[in-house]
Amino acid sequence: MSYDRILNTTAAWLLALFWLLPLAYAIWTAFHPAAFETRFEPLAPLTLQNFVQAWSEAPFARYFLNTMILVTGIVAAQFTLCTLAAFAFARFEFRGKGLMFALVLMQLLIMPDILIVENYRTMSQLGLIDTIAAIGLPYVASAFGIFLLRQTFMTVPKELDDAARVEGCSYLGILWRVYIPLAKPTFLAYGLVSVSHHWNNFVWPLIVTNSVETRPLTVGLSIFAVTDSGIQWSVINAATLMTSGPLLIAFLLFQRQFVQSFMRAGIK
Amino acid sequence: MTTGKSIMLRGLRKAWGETVSLKGIDLTIPEGKFTTILGPSGCGKSTTLRIIAGLEEVSAGTVEIGGEDVTSRPASGRDIAMVFQSYALFPHLSVAENIIFGLRVRRMGRAERDAKLTAAADMLGLSYLLDRKPSQLSGGQQQRVALGRAIVAEKSIFLMDEPLSNLDAKLRAEMREEIRDLQKRLGVTMVYVTHDQVEAVTMADQIVLMNQGEIEQIGSPRQIYSRPETLFTAKFIGTPPMGTCSARALGIARDDITVGIRPEALVLDQNGPIRARVGHVEYLGADAMVECRVGDETLPCRISGRTELTLGATIRLSVARDDLHAFDSASGQRLDTLPPEFAALSAAQTTAPLGSHASSTER
Ligand SMILES: Nc1ncnc2c1ncn2[C@@H]1O[C@H](COP(=O)(O)OP(=O)(O)OP(=O)(O)O)[C@@H](O)[C@H]1O
Ligand SMILES: [Mg+2]
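What counts and how
- Residues numbered from 1 in each chain as written.
- Chains lettered and ligands numbered in written order.
- Predicted model: local features only at pLDDT ≥ 70, side-chain atom pairs only at ≥ 80, totals over all residues.
- Heavy atoms only, no water.
- UniProt positions renumbered as here; feature names shortened; annotations may be inferred.
- Contact = heavy atoms within 4.5 Å.
- Buried area = accessible area lost by both parts, 1.4 Å probe.
- Salt bridge = Lys/Arg side-chain N within 4 Å of Asp/Glu carboxyl O.
- Polar contact = N/O pair within 3.5 Å; in protein donor to acceptor, adjacent residues only side chain to side chain.
- Helix = DSSP H or I, 4+ residues; strand = E, 2+ residues; numbered from the N terminus.
- Nonpolar A, V, L, I, M, F, W, Y, C, P; charged D, E, K, R; others polar.
- Near = heavy atom within 4 Å.
- Areas by Shrake-Rupley, 256 points an atom, 1.4 Å probe, with all protein chains shown as cover.

Under the annotation held in an unreviewed UniProt entry, chain B carries the name sn-glycerol-3-phosphate import ATP-binding protein UgpC and is attributed to Pelagimonas phthalicica.

Looking at an unreviewed UniProt entry, chain A carries the name L-arabinose transport system permease protein AraQ, with the source organism given as Pelagimonas phthalicica. The heading Subcellular location (unreviewed entry) in the UniProt record of chain A holds the text "Cell membrane". In its Sequence similarities (unreviewed entry) section, the UniProt entry covering chain A states "Belongs to the binding-protein-dependent transport system permease family."

Put into structure tokens, the structure is as follows:
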């Protein structure tokens, strides 16, 4: 093995270790009594008590539900909207197409956080403050999604489109039977990015929500961590694991497909 | 069983902004016949076919199919099936699903669909491949799947755009026959685009020769070969193509005429009226191609491979009157009757022409 390779491998392992350290600490404290928060004894007794306590001290069930609704809603809306927009940009000629696409690209360059105040104003004008819809709405017309799907749709050979048309497909039929199946890896990759982003999104939901019925997990967790339990790390970490757990497990389960999808979708 | 429908194009024009790719096409394609559209690259063959299919809109003119004006009808309402150059198989669907794609779109019942699939697969020898994906097939097999999709659609007209250009020579010859058979068996009207004249000549009942967005000539392969109406046709059809030279090079005092003679029509003849010098000789086995220099121009001549000619030797050649083609130099149009000056060229013919084997060199 060359010197270069050794250096690379070592660096990769170190990075992975640093990345894992907080997670390892969270797991350690969550599964041990509070007394072992800073004492790392291999034989310390294991317990699930922290999880039970966290679950009972805050409405995590409701937060889970909210997050699920939020994430599935956003992804469904993004898929619909971005697919249709991308199809139009990829395969139709219409006036103002260039300008509109430039606007979409511009959205890619703008940090969403800059728009928080403006978005808040819009949501309050729509009367949507403190609803799950308000958390998702600003993200539905995703420039990233439109751009990504457009690029993928453009790689579909024109002759496939023609063949489907000769066989009697309508435009939506062609989209459904030809473009979407061929763009599956892109949908999977984009879906994953979107789910994890919105599962973990914090600042915006914190601002537009203020009740148990609408709050997603991230906000619920922060409120729980600040007010209720003082600095009981074991319980907070149990709650943290609980909230990020499903995503983590899903990723580990589908890891291989996800990585392949990313490769095929050209995101690296 | 389907029966073909006729196609009629009237005053068809197509322009993309500044580029005009069809400059007024009038064409009748008879029902149940095999018509090839032939021409050099970029002459507008595909555009014509795509307009017939309804995949491209016309700039002017009308398209009639089976006597009905279909100019503004979508592709699916025109009673056509199409085979594309790249086969256009859906990569995410199995062979079976590719073949019945259109039937699914039309929501045909399962039993009927399966029956049609089985029949088409048997006809094309695809039965054992039905579960594969297109990427797991050879080029020839993919081509058959594309044909299968056209067959199960049971349309009156088959449109094919260079369907064999991605196959190797041997397979191409096989598929040529297969497609020809298929057209006869189904009785459909076939419109077949190609830039390969061998394909056009061997398969077609009628050839439509196009050049730069216009039709040069329409006729049977025999007509087009034996009586080219324009210089372009004369030079495009035939391998090697017809040789041409000015009338003056053959000793005829006309400046406005270009003469065309096919290489095989030019024969060595001791008493022939055409004097030429032997240029480069290309030996091909059974025969040889000789560049005959007449004046400062060249006429190709096909002779028997056994004849030996020396470079620079003077030879005499003759040509039958029917094999002389005269064209107006300026317009490229064929002259219906040979001008009287040409009598001298074929006069010597009566004096027993020698077989082309015999050498007739004189030094
Ligand atoms: N979508 C298009 N936009 C602009 N010009 C086009 C378009 N499609 C074709 N053309 C032009 O029209 C002309 C005819 O094209 P067409 O594809 O019909 O040629 P072709 O005879 O099929 O040639 P080939 O043998 O190379 O396939 C060409 O000059 C081409 O550049
Ligand atoms: Mg073409």
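Resuming the write-up.
A. Main features of the interface of chain B and chain A. Each partner contributes residues to the interface: chain B has 23 residues there, and chain A has 15 residues. Interface area, chain B with chain A, both sides summed: about 1,600 Å², of which 63% is carbon and sulfur. For R106 of chain B, the salt bridge is made with E167 of chain A, and the minimal N-O distance between the two is 3.0 Å. Between the two partners, chain B and chain A, sit 4 residue pairs in polar contact (both at pLDDT 80 or more). If you list the elements that add at least two residues to the side of chain B that touches chain A, you get β6 (80-83) and α3 (101-105) of chain B. Among the elements that take part in the side of chain B that touches chain A, α3 of chain B stands out by supplying 4 residues, more than any other. Class assignment of the residues belonging to the side of chain B that touches chain A gives a composition of 13 nonpolar, 6 polar and 4 charged.

B. A look at the UniProt feature "transmembrane region" (unreviewed entry) in chain A. Residue and element names in this part refer to chain A. Listed under "transmembrane region" (unreviewed entry) in the UniProt record, and renumbered for this structure, are residues 63-87, 99-117, 129-149, 170-193 and 231-254. Helix makes up 76% of residues 129-149 and strand 0%, and the two end C-alpha atoms of the span are 31 Å apart. Helix makes up 92% of residues 170-193 and strand 0%. Its end C-alpha atoms lie 31 Å apart.

C. Spotlight on the site of ligand 1. Residue and element names in this part refer to chain B. Every residue near ligand 1 is listed here: W16, S21, S41, G42, C43, G44, K45, S46, T47 and E162. S46 is positioned with one of its side-chain polar atoms (N or O) 2.5 Å from an oxygen atom of ligand 1. Between E162 and ligand 1, the recorded distance is 3.3 Å, taken from a side-chain N or O atom to an oxygen atom. Within the complex, 60% of the 630 Å² of free accessible area of ligand 1 lies under protein. Examining the composition of the shell around ligand 1, we find that 3 residues originate from one element, helix α1 (residues 45-53), more than from any other. For the shell around ligand 1, a count of residues per class yields 2 nonpolar, 6 polar and 2 charged.

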